[in-house]
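# Fold and contact review
Listed below, chain by chain, are the residues.
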Amino acid sequence: MESTTRGSTDGAGARPPSGRGAQAARNDRLIREAARAVFTADPEAPIAAVARHAGVGISALYRRYRSKEDLLQRLTAEAMDRYLAEVDRALADDRDPWTAFADFMRRCLDLGAGSLGMRPAAGLPPTEEIAVRERRMRAATHRLLDRLKDAGTLRRDIEVGDVAVILENVQALRVGDDERTRRLRHRYLTFLLAGLRLPADAELPGPAPAWEELRAR
């Protein structure tokens, strides 16, 4: 179910909020940041844990979101939008296709854009809003991969599901503090990106995961 606050993002030329509006906007930002951290670590965590992590009262959270499901749907939509923006940026990049793709994957990793951003909402009833985004994500990623394959810089057996699994698993890595975690994530992403360019005669065992398989988890 769509949150009543989803149309409240600042637009061009919008006046900055003041007074109670500024406080509400600050609380909303803190709640969403806390929810991403809490539900990524534990998708089963209660919504009260989000309020504690954000340092706001539970009533402030419920004024913005009617339920945990509502909040998770919002986070999922935001993660998908970040991913779509990065795919569009990569498709518009006029550098050589592999450089554009590698930079796209690095940006997705740093932004948390991709499967990790959607994982906490797994099992929620899919909304039409989310379904539309999923279709756009698959189509846009297919176009990006096709461009790489046409340029001869990507294995022809790499599919959209492979990109989703790579991002999810590398984003799930956490060792030490934030900077150490970031460096290790990029270390393993660099390693995996090299694997995507292996000669095609090195056959992969089994097909890429289908989107339905990823969603069913």
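Parameters at a glance
Residues numbered from 1 in each chain as written. Predicted model: local features only at pLDDT ≥ 70, side-chain atom pairs only at ≥ 80, totals over all residues. Heavy atoms only, no water. Core = buried A, V, L, I, M, F, W, Y, C linked by side-chain atoms within 4.5 Å. Buried < 20%, exposed > 50% of the residue type's maximum accessible area, 1.4 Å probe, protein only. Helix = DSSP H or I, 4+ residues; strand = E, 2+ residues; numbered from the N terminus. Contact = heavy atoms within 4.5 Å. Phe/Tyr/Trp six-rings, centres within 6.5 Å; stacked < 30°, edge-to-face > 60°. pLDDT = per-residue confidence, 0-100.

## A closer look at the nonpolar core
- Grouped together as the largest cluster of nonpolar side chains are 32 residues, with contacts concentrated most on Y83, W98, F101, F104, M105, L193 and L196.
- Of all the elements in the fold, those that place two or more residues in this core are α4 (68–92), α5 (97–111), α7 (128–150), α8 (160–171), α9 (178–195) and α10 (211–216).
- Leaving out residues up to four positions away in the same chain, L193 has contacts with W98, F101, A102 and M105.
- Core analysis: the second largest hydrophobic core is formed by 19 residues, I47, A54, L61 and L72 among them.

## Section: the packing of aromatic side chains
- By the definition in use, this model includes three aromatic pairs.
- Their ring planes at 70° and their centres at 5.7 Å tell us that Y83 and F104 sit as a pair that is edge-to-face. You can see Y83 sitting in helix α4 and its partner F104 sitting in helix α5, a full 21 residues away along the chain. Here Y83 and F104 have matching classes, each one buried.
- Ring centres of F101 and F104 lie 6.0 Å apart, and the angle between their planes is 35°; on these two criteria the pair is classed as tilted.

## Observations concerning the confidence of the model for the protein
- Confidence along the protein averages 82 in pLDDT terms, with 84% of residues attaining 70 or more.
- This stretch, residues 1–12, has a pLDDT under 50; its non-local contacts, to residues over four places away or in other chains, come to 22 contacts.

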